[in-house]
Each structure stands twice: as C-alpha cells, then as structure tokens.
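Report on the structure
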2 protein chains.
Amino acid sequence: MNFQQLRIIRETVRRNFNLTEAAQALLTSQSGVSKHIRDLEEELGLEIFVRRGKRLLGLTEPGQEVVAVAERILLESENMMLLSQQFSKRDTGTLSIATTHTQARYMLPEVIAKFKADFPDVRLVLHQASPKEIAAILLEGSTDLGIATDALEDNAGIITFPYHRWSHGVVVPKDHPLLTSNTLTLEAIADYPIITYDEGLTGRTRIDKAFERAGIEPDIAMSALDADVIKAYVELGLGVGIIASMAFNANRDHGLVLLNSSHLFEENVSSLAVRRGRFLRSYVYRFIELLAPEITEQRVRRAELGR
Amino acid sequence: MNFQQLRIIRETVRRNFNLTEAAQALLTSQSGVSKHIRDLEEELGLEIFVRRGKRLLGLTEPGQEVVAVAERILLESENMMLLSQQFSKRDTGTLSIATTHTQARYMLPEVIAKFKADFPDVRLVLHQASPKEIAAILLEGSTDLGIATDALEDNAGIITFPYHRWSHGVVVPKDHPLLTSNTLTLEAIADYPIITYDEGLTGRTRIDKAFERAGIEPDIAMSALDADVIKAYVELGLGVGIIASMAFNANRDHGLVLLNSSHLFEENVSSLAVRRGRFLRSYVYRFIELLAPEITEQRVRRAELGR
DNA sequence: TATCCTTACGGAATTCGTAAGCATG
DNA sequence: CATGCTTACGAATTCCGTAAGGATA
C-alpha cells in the first residue's frame, strides 16, 4: 500500500470510475492507474471496485470502507504538507476560499483588502460556486474556507459557523408605483413581475417560502445568478427586484430605489465553513477573525473536536 | 513522503531516538533509516529531530506535530489492513489482549473458552502486563483490547468501559486468630504482617487508601504480582493476605479461609479498554460481548465518536 | 574505545509510460 | 468504431543494504 494507490482509488471514485480521467487528473498514465488498483486489491485480498468485464462500475461493500479509510489517510497526508509549510514558510502560501457571488462581491472585498495588507505574500484564490458546489469543494479538500448562505449544513464532514445576518430588499425604478404606498406587502409586490436569484442561491428559498406561506403565487419573470444582473433588468423596467440589501449601493445605483422588506422575508444567515479534520494555516484563522472577530481560532478548534 | 518514512520517525521516537534500535525494530538497515529521515525532513522543509552533532536527542516543535500526524496516518493504515482482513478472512485472524495476571487467571478463562468454541480459527494472544504498560501497549497499536483494574483512565487515546465490580478479601490460614473475632476490622488486620499485591496492581491503591484513611500504618511484609504467590506465603504462616476475592477457590485452597472484607476496602472496578480510532475486527466485538454483554458493538462505536 | 550516525555506492526492486491487444456499449 | 481497461516490456527512478568514515560520550 502506498500513497499513490490511495490517491488513485480516491480519484477513480471522484471521476465516476473512469480510469482514463483519473489518470489525467493525477498526471500519470492510465496503465499505471490500472495496475496500481489491481496491486492494491491483491494486497488487501479483496475487490475494491465492481466490474462488468473490463469496465469499473462502482464500489463493492468492502471497497466503500477502503475508500473511506483512504480518504482519511490522504486528508492527513495533506495536513502534513500544510503543517510543514506552516513552519517552513510561516506567512506565505495560498488561501483558498469557495464562495458565492454575493459574498465575493459585497461582503469580502473589504476583508480581503485588510488581509492582503497583513499577509502580502499569501496568494488568494476565490472559487466562485453555488452553495452545493461549495460543500463538495470543501469535502474534496482543495479549499480552506467556504462562505455561503444556504445548504452548507447537514454534512458531518463540514463545520459551519454563522457569521452574518442580513435581509432581502426590494429594488424598483425611481418612478415605480410601489414607491407611493406606505407599507410594502407581499401582495403589492406580487402585482408585478419579479426578478430575483436562481434557486438555491442567496436566500432564494426564503423568498419562495414567504410567498407560499402567504398563499400567493408570484410571477418570477426572471432569475439570475447575481444582483448586478437583476438590477440591470429592473432598471430596464422588466419587473421588481428582490436582492440582498447589501447588494444595493445608493451612490452607484442611480436609477433605482431600495425598499426595506425585512418584515416580509425571513432573515438570512451567512455561514463560514471548514472541512472537519483539515489543518488550517494560521493565516486562515487570521482571515476568519477579520471576517468575523467572534469566530476565534480557539472556537474553530473546539468545534473540530466535538460533534 | 511514504509510509516507511512515517514508520521510521514513529519508531525512532518510540526507541528514544536511537536509529540503530529503530532500524532493528523495523527489520531494515540503519543507513536506510538515517537517509529516510533526512529525505523526509528535506521534503517537508523542516527539521523533525533535535540533533547534537550526529546524535538525535528529541523532537523539534514542528517535529512533534509531524509525528502526531504520522501516528494518525499509520493508525489508519493499520486499520486498512484490519478492515480488509475483516472481509477477506472473516473469522480468522488474531485477537490480541493485554491484561493483568488477575484478569487472565480468574476472569478470562471461561470467556476465552467460549470464544474459542465460537471462533476456533482466531489465534489468541495474551500480553500479560501491568495496567500502566497496558495503556502503553494499547496506544502503541499492537493490541485490540486492554483489561485491567487501575490506571487505564485519563488518556484521550483510550476508551474505557467498566465491566465488573469486585472487592478484596482477606485470606488467613485455617487456625488463624482473626477467625475467632466476629467482625473484621482494619485494626485487627494491621496487627499482623500483611501480604498483598505490588503497587499499582489489582486495586492495591484502594488497600493503601483504606489504611491511610483510618490512620493506620500497616506492616506490608511482602508484596507480589499475583494472588497465587500471596496465598502460598499466607499458607506458610508469614502473614495475612489481602487479595481479590475472586482469586480464592475453596476447593483448591484447602489450608486457607477467605474472610469478607468488602466493608473495609473501597469497591474495585475492572475495565476494558480499546484504542480510540483503531478498527476492531467483528470477533473483537463478539469477545467483548461474551465478557460483558451490556457492552455492545453499538455502544463501543458510539463511544469512539464522542469525547 | 564502544556506540552511533552519515555518506557513498552498487544492486535489487519498484514505479512509470509507451504501445499493443482486447472488451464494451 | 470510439472509448476504456489490461497486459507486456523496457526505461527511469527509488529503495535498500554493505561498508567505510567520522562524531560523540
């Protein structure tokens, strides 16, 4: 058993049991991949993969256990590398963050600027992705931090820390009829076509839920990945926008007005997430503390232990 | 980084930084050991060991972390082997138990007989050792189960399950004056030389504590590793014996009488212990259930997770 | 001086990749 | 017939052990 064999079976699972792809991902030959798998199976005295003829189809029952252990070993071996860099290159390296558009665009810039000032030699990599993808990326182990609003919970391999509460706002053009009424209601909004986020993004579930509870079926005329797109179409008069209120900037969004709608939609909570068991360089903890001072290194370490 | 390098640094620590011994323990050459260490240090970009000239003296600060990660990786790699055997050779293998004389001699024989009947192809290895050594052996990872009365607690790497309560008894020759009095007291016992267990063994601490609390300084004339030795000397008239009452057998110990002394000494609890994170073959769980039916596989697995 | 670690070096073993062959859908 | 896995084989690399050299207590 060696590390390469373990990397290979892990990658084979990730690549849907396609050895050719796995070999490419690991920068090696597919013949070697094939041989390594057979060698490992022989050494362990069992079949890891279910085969039909020459094709691999899935994991056998023992194979699932074997891969689970392999994942743990590889996680620790990656920790070994991170750990040694922590000592040999204290404040240089890479901070990798997976996050959504909204966070990247409206929440992180300030924090990242501060961080860059403190750690000029740390390379920053932002993976922009959906909350679901963020969870997958975190588990995969190429990323230190995930930041998003939805769907990061309920995974034993991920620890989340809520760090910011925010609410949706309604944006309309400056001359919109909604501006005349005193209090904003769901019914009033639903009189117009609505433009908001795609499903699963930036609290979209809260929006749907609010209308559903009120027994109103809104006309979602368009949905988009980010507030910039939404605002552009609202400006064109295509409908009423519902966005995260932090995405509105009175100075830049001249033609638009933001209406407070915190009484209409449930509050949203943005969370920060880390892979359980992954070693974090000290600058990762510093970044977290810049983003949310109450989430201290100690608190994160504590959470790693419990469950 | 490869497994051999990790094994080498782990063994080097265990062998007190003597590379020659480490090489012998790993059945390899000491030049190879030396080279592997240097290679690993170079790859990680840091020094694992503190050196004076050519001698290794201890671990550097990063070295401690590195070794800790190495231990986790190696633990999992051993799990990989155990796990695969679990599938490839279901009911054959080795059950390794570290235990004290008292347990091995008086508690385990019945259970082992039953176990052997259920699992004729499982080789049984009993490591007889002191409670302290048992903890060390468990942590070292060569043993599935530890069974003892004292000193297995307070180690995060070990999980203990109390499984049996017992008390000490006093053994005297058939014609001993103590047999005439009605109720046995510590004072009465202390009138005679006492023969009992060595320090740290089989509840000896409870015996000492009882006398200390009563303000009595007993004359411990002899101490031994096991009750058989103690009984032999009591039979010779050298003193009063204090032993685990399970170690007395009316049929075999003709010349002796056992006096109940459960009111004099604190009750003892024997525990069963496993290494946290070590994979246990299913027959290990079956053995545990034979020994103590209330300690189910499920309960052990639960305890592995919490802390 | 006896013990212990490092370095050098040659041989053994392992690993890797190309290429050809074969199976699958 | 295009994609994907296995096997064969030679090349490259890594690993290992002997032996000699040098440091340490």
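Residues numbered from 1 in each chain as written. Chains lettered and ligands numbered in written order. Predicted model: local features only at pLDDT ≥ 70, side-chain atom pairs only at ≥ 80, totals over all residues. Heavy atoms only, no water.

**What to know about the confidence of the model for chain A**
Low-pLDDT stretches of the model should not have their predicted coordinates read in fine detail. Confidence in the prediction for chain A averages 93 pLDDT; 99% of positions are at 70 or higher. Mean pLDDT in chain A bottoms out at strand β9 (residues 220-224) of chain A, which sits at 90, and peaks at helix α10 (residues 282-291) of chain A, which reaches 97. (pLDDT = per-residue confidence, 0-100. Helix = DSSP H or I, 4+ residues; strand = E, 2+ residues; numbered from the N terminus.)

**A word on the protein's contact with DNA strand D**
Taken together, 20 residues form the shell around DNA strand D, and within it Ser34(A), Lys54(A), Thr28(B), Ser31(B) and His36(B) come nearest. Protein-adjacent atoms of DNA strand D, using a 4 Å cutoff, are sugar or phosphate at a proportion of 59%. Separating a phosphate oxygen of DNA strand D from a side-chain N or O atom of Thr20(A) is a distance of 3.0 Å. Within the side chain of Arg55(A), an N or O atom sits 2.8 Å from a base oxygen of DNA strand D. Sorting the residues of the surface near DNA strand D by element identifies α2 (19-25) and α3 (30-44) of chain A together with α3 (30-44) of chain B as the ones contributing at least two each. When residues in the surface near DNA strand D are grouped by element, the largest group, four residues, is from α3(A). Classifying every residue of the surface near DNA strand D by side-chain character gives two nonpolar, eleven polar and seven charged. (Near = heavy atom within 4 Å. Polar contact = N/O pair within 3.5 Å; in protein donor to acceptor, adjacent residues only side chain to side chain. Nonpolar A, V, L, I, M, F, W, Y, C, P; charged D, E, K, R; others polar.)

**Considerations on the interface of chain B and chain A**
Taken together, the contact between chain B and chain A spans 26 residues of the former and 26 residues of the latter. Here chain B meets chain A over a buried area of about 2,500 Å², counting both sides, of which 81% is carbon and sulfur. For the chain B face of the interface with chain A, the top three residues by lost area are Phe3(B), Met80(B) and Phe87(B), together amounting to 25%. At the surface where chain B touches chain A, the tally comes to two salt bridges. (Contact = heavy atoms within 4.5 Å. Buried area = accessible area lost by both parts, 1.4 Å probe. Salt bridge = Lys/Arg side-chain N within 4 Å of Asp/Glu carboxyl O.)

**Some points on the packing of α10(A) against helix α11 (residues 297-305) of chain A**
Residues and elements named next belong to chain A. The interhelical angle for the contact between α10 and α11, taken along N-to-C directions, is 115 degrees, at an axis separation of 9 Å. The orientation of α10 with respect to α11, classified from their angle, is roughly perpendicular. Where α10 approaches α11, its residues Tyr285, Arg286 and Glu289 are matched on the opposing element by Glu297, Val300 and Arg301. Broken down by class, the residue content of the contact of α10 with α11 amounts to two nonpolar, no polar and four charged. (Axes fitted to C-alpha atoms, helices over the stretch in contact; angles between N-to-C directions. Parallel < 35°, antiparallel > 145°, perpendicular 65-115°, else oblique.)

**As for the nonpolar core**
Within the largest apolar cluster, 52 residues are counted, with the highest numbers of intra-cluster contacts made by Leu6(A), Ile9(A), Ile48(A), Leu6(B) and Ile9(B). Elements with a contribution of two residues or more to this core: α1 (3-14), α2, α3 and α4 (61-88) of chain A together with α1 (3-14), α2 (19-25), α3 and α4 (61-88) of chain B. Among all residues touching Ile48(A), those that are not within four sequence positions of it are Ile9(A), Leu40(A), Glu41(A), Gly58(A), Leu59(A), Thr60(A), Gly63(A), Val66(A) and Val67(A). (Core = buried A, V, L, I, M, F, W, Y, C linked by side-chain atoms within 4.5 Å. Buried < 20%, exposed > 50% of the residue type's maximum accessible area, 1.4 Å probe, protein only.)

**Focus on the sheet that holds strand β7 (residues 168-173) of chain B**
Residue and element names in this part refer to chain B. The mixed open sheet is built from five strands, whose spatial order is β9-β8-β10-β7-β11. The two strands at the open ends of the sheet, each matched to only one other strand, are β9 (220-224) and β11 (256-260). When the angles between neighbouring strand axes are averaged without regard to direction, this sheet yields 30 degrees. Packing against the sheet, helix α8 (residues 204-213) makes contact with β7, β8 (194-197), β9 and β10 (240-244), and its axis sits at approximately 140 degrees to β8. (Pairing = 2+ DSSP bridges.)

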